[in-house]
Amino acid sequence: MTALTESMNWGTELWDQYDNLSIHTLKGIDFLEKYGHFVRDRATIESEYAYKLRRLVKSYQPKKKDEEDYQFTSCMAFKVLMNEINDLAGQHEVVAEDLQANVIKELTALVKDLREERKKQLQEGSRLSQTLQNQIESLQRAKKAYDKAFKEAEKAIEGFQKADADFNLSRAEVEKHRTSMAQKTQACDQAKNEYAVQLQQTNQLQKQHFRSGLPEVFRQLQELDEKRIKNIKNFIRSSVDIERNVFPIINKCLDGILKAADIINEKEDTLLVIEKYKSGFQPPEDFPFEDLSKGGSDSGSSNNLNNIQLGGKIKDGGYTVKGTITGKAIKKRAGIFNIFGSRGLTEVCMAIKNAAIADAKDDLSDLPPNQRRKKLQQKMDEIKLKISQESAAREGLMKMKGVYEGNPALGDPRTIESQLNECSHRLEKLQQDLVRYQGYLDEVIRGNQNNSATGSPRLTNGASRSHRNSGGSAADDDSLSSRSASDSSVANPTLNHNKRSAPGTPQLHHGCSNSPESGLGTSHTSLHHADSDQDQYDGNHGDPESEYYEADMLPAIGICRALYPFEATSEGSIRMSIDEELHLVETDQGDGWTRVRRMNGEFEEGFVPTTYIETSVFNT
């Protein structure tokens, strides 16, 4: 069948279908051009689809104000999905670009070449046909001339025969008919010869036209059409290959979307909601019963009842149900140290309170405990990152200075000094900020530990903790408030009240230091040396100092030994002799300092360099 198909071609089978082949090849090229328009439109659709996908992803990208919500697994999955869709759009762009470059461009060039080749072959066929037609017309003219000459010769012969048979005619007339007959016969012979020549030429040209000339033209047209058909096949295959080449990446995108779906965890999102909105406060306590028959109502309880609203807010400042602290609640903490009665002590504590209020936004004390802890941890992480960056920059400057010192031709080492000083200043400032925020965080952690032991913090049914039923409990709460304020002042390095006095002089050291390394005081000395203040306590006959330090002092978690002597050169640090043993209070938090306490019974606590000591932590 293949051999039979190869032997059959347009030149032999369609030798007389010149016009139909011309129309057929034109339709074929028009069809190829139509297919090119189809591919071009499809590439346009792919490009528009990719553009719309990208625009869709862009319109659904999280806004800056909504970035916090994208910590939930469902939102994270949606963000991953959008990234995968964006990559998917990129693959559609690749399809459009490859179709444009590898199919449409070649197809357009092919259509142009086929049209030119067809035109050339048709012009050749027209030339051959016109040549044959001219030859046939010449043959027809020769035949007509021969026919005319033949008839005239026959007529001349017939006239001569009649004249020769007519005895009435003269010899001259007979000779005239003879001459005419000879001329006509000679003309007929010439016309016959011309006709014979034209016939031979026409037959030869016709044979050449239908057996070699025109078949060659048809063969060229056949190859042209087969080339067109073959290229349509190749273009379709190329289109499929282009699209198939992006399938692996599209599958990866789809796999990425499935993985994004797999990371969605409803339980984890639930815990994140708890972590995000948990205030750390306990529900309100029960309202106390007011027995009016005993005379004198509990104003605190009345205020508690009057201050509660169904909306969940507390009047006149204080904690709201949402766990925030109003401005008036901060102001009410001004008098928490009045229980000590000393005017000088009150003024000092008022200064502490004012500094704490001024720094309220800095220590994030206006946030609920749990939220405050999270924000403080975030700030510490940011500061640690900046410290690492500044340290790397400082090391680079030190290396550059060393290179300059080793080879002065490269540069002047003194030009690095100012940059090193600025870098050191920034590092010192960042370390101070880190210790300060660490103090804030320790305050929150201590508060959470104390509150977990006592069942607090609790959203009380009043504006302040001093509104209790009994005077003794109110004093206890005031003491607790004083400890809280003291902890705040310990964490605030802007306060500088840790001034060393002469031996035997009453000192206020608790929480009033200004240490660039730690933000904590070097020592804690009791307040009960002010004997004039002893009568200011309420009916609780216990020692308020012991309660104060039992609640505030951190337990020792180990023992450390000094490897080198250390002199306290700044607030918050303590002196240390070689081989001296001290209690380990708090381990290094990444800033290079460790918190320790004297073991000789004297309450002196502060920070020493971590590299100067050898630590041994208790087994728990």
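Residues numbered from 1 in each chain as written. Predicted model: local features only at pLDDT ≥ 70, side-chain atom pairs only at ≥ 80, totals over all residues. Heavy atoms only, no water.

Engineer: Outline the packing of helix H4 (residues 73-165) against helix H6 (residues 247-262), listing residues and values.
Structural biologist: Put simply, H4 and H6 touch, their axes get as near as 8 Å, and they point 170° apart. Taken together, the axes of H4 and H6 are roughly antiparallel relative to one another. Facing H4, whose interface residues are Ala77, Val80, Leu81, Glu84, Ile85, Asp87, Leu88 and Gln91, H6 presents Ile249, Ile250, Lys252, Cys253, Gly256, Ile257 and Ala260. (Axes fitted to C-alpha atoms, helices over the stretch in contact; angles between N-to-C directions. Helix = DSSP H or I, 4+ residues; strand = E, 2+ residues; numbered from the N terminus. Parallel < 35°, antiparallel > 145°, perpendicular 65-115°, else oblique. Contact = heavy atoms within 4.5 Å.)

Engineer: An account of helix H5 (residues 171-245) is requested, with residue identities and associated values reported.
Structural biologist: Across its 75 residues, H5 extends 107 Å between first and last C-alpha, which sits within 8% of the 111 Å expected from 1.5 Å per residue. Taking the largest bend as the criterion, H5 deviates by roughly 50°, centred on histidine 209. (Expected span 1.5 Å × (residues − 1). Bend = angle between axes of the 7 residues up to and from the residue.)

Engineer: Tell me about unusual backbone geometry, residues and numbers included.
Structural biologist: One non-glycine residue, aspartate 579, lies in positive phi territory at about 65°. Examined against the element boundaries, aspartate 579 turns out to sit in the loop between strand S1 (558-562) and strand S2 (581-586).

Engineer: Provide a residue-level description of the nonpolar core, including the pertinent values.
Structural biologist: Of all hydrophobic cores here, the largest spans 28 residues; its most connected members are Leu32, Leu99 and Phe235. Secondary-structure elements contributing two or more residues to this core are helix H3 (18-59), H4, H5 and H6. Sort the elements by how many residues they give to this core and H4 lands first, with 12 residues. Those residues in contact with leucine 99 that sit more than four places away from it in its chain are Val39, Arg42, Ala43, Ile104, Ser239 and Ile242. The next biggest cluster of nonpolar side chains, apart from the first, holds 12 residues, and it includes Leu376, Met380, Leu430 and Val444. (Core = buried A, V, L, I, M, F, W, Y, C linked by side-chain atoms within 4.5 Å. Buried < 20%, exposed > 50% of the residue type's maximum accessible area, 1.4 Å probe, protein only.)

Engineer: Describe in detail the sheet that holds S1, supporting the description with residues and values.
Structural biologist: Within the open sheet, the five strands sit side by side as S4-S3-S2-S1-S5. Their pairing is antiparallel. Among the strands making up the open sheet, the edge pair consists of strand S4 (605-609) and strand S5 (613-617). When strand polarity is set aside, the average angle formed by the axes of neighbouring strands in this sheet is 40°. Two elements, S2 and strand S3 (residues 593-597), share three bridges in a ladder whose sense is antiparallel. Opposite leucine 584, over in S3, you have valine 596 as the bridge partner. (Pairing = 2+ DSSP bridges.)

Engineer: Quick one: what's the story with the pairing of S3, residue by residue and with numbers?
Structural biologist: A regular strand places its side chains on the two faces of the sheet in alternate fashion. Most of S3 is tucked away, with five of its five residues classed as buried. Side chains of S3 alternate between two faces, with Trp593, Arg595 and Arg597 and Thr594 and Val596 buried alike. Joining the antiparallel neighbours S2 and S3 is a turn of six residues, in which glycine 590 adopts a positive phi near 105°. Pairing analysis gives five bridges linking S3 to S4, with the strands arranged antiparallel. Looking at the pairing, arginine 597 lines up with glutamate 605 of S4.

Engineer: I'd like a description of a nonpolar patch on the surface, backed by residues and values.
Structural biologist: Together, Met76, Val80, Ile263 and Ile264 line one region of the surface with nonpolar side chains, adding up to about 280 Å² of accessible area. Note on placement: valine 80 falls in helix H4. The exposure class of valine 80 is partly exposed, given its relative accessible area of 30%. (Patch = residues over 30% accessible without salt bridge, like charges linked within 9 Å, V, L, I, M, F, W, Y side chains within 5 Å. Areas by Shrake-Rupley, 256 points an atom, 1.4 Å probe, with all protein chains shown as cover. Salt bridge = Lys/Arg side-chain N within 4 Å of Asp/Glu carboxyl O.)

Engineer: Report on the packing of helix H7 (residues 266-277) against helix H12 (residues 369-406), specifying residues and quantitative values.
Structural biologist: Two numbers describe how H7 lies on H12: the axes approach to 7 Å, and their chain directions differ by 95°. Viewed along their axes, H7 and H12 adopt a mutual orientation that is roughly perpendicular. Touching Glu275, Lys276 and Tyr277 of H7 are Asn370, Gln371, Arg373 and Lys374, all from H12. When the residues that make up the contact of H7 with H12 are grouped by side-chain class, the tally is one nonpolar, two polar and four charged. (Nonpolar A, V, L, I, M, F, W, Y, C, P; charged D, E, K, R; others polar.)

Engineer: Mind laying out the pattern of salt bridges, listing which residues take part and the relevant values?
Structural biologist: The tally for this structure, following the rule as stated, stands at 26 salt bridges. Linking lysine 184 and glutamate 152 is a salt bridge whose minimum nitrogen-to-oxygen distance equals 3.4 Å. Of the two residues, lysine 184 is situated in helix H5 and glutamate 152 in helix H4; the sequence distance between them amounts to 32 residues. Between arginine 219 and glutamate 223 there is a salt bridge, with its nearest N and O atoms 2.5 Å apart. One end of the pair, arginine 219, and the other, glutamate 223, are both in helix H5, four residues apart, so they sit about a helical turn from each other. Residue classification places arginine 219 among the partly exposed positions, given a relative accessible area of 33%. Each of the salt bridges in this network shares a partner with another, and the network as a whole consists of Glu586, Arg595, Arg597 and Glu605.

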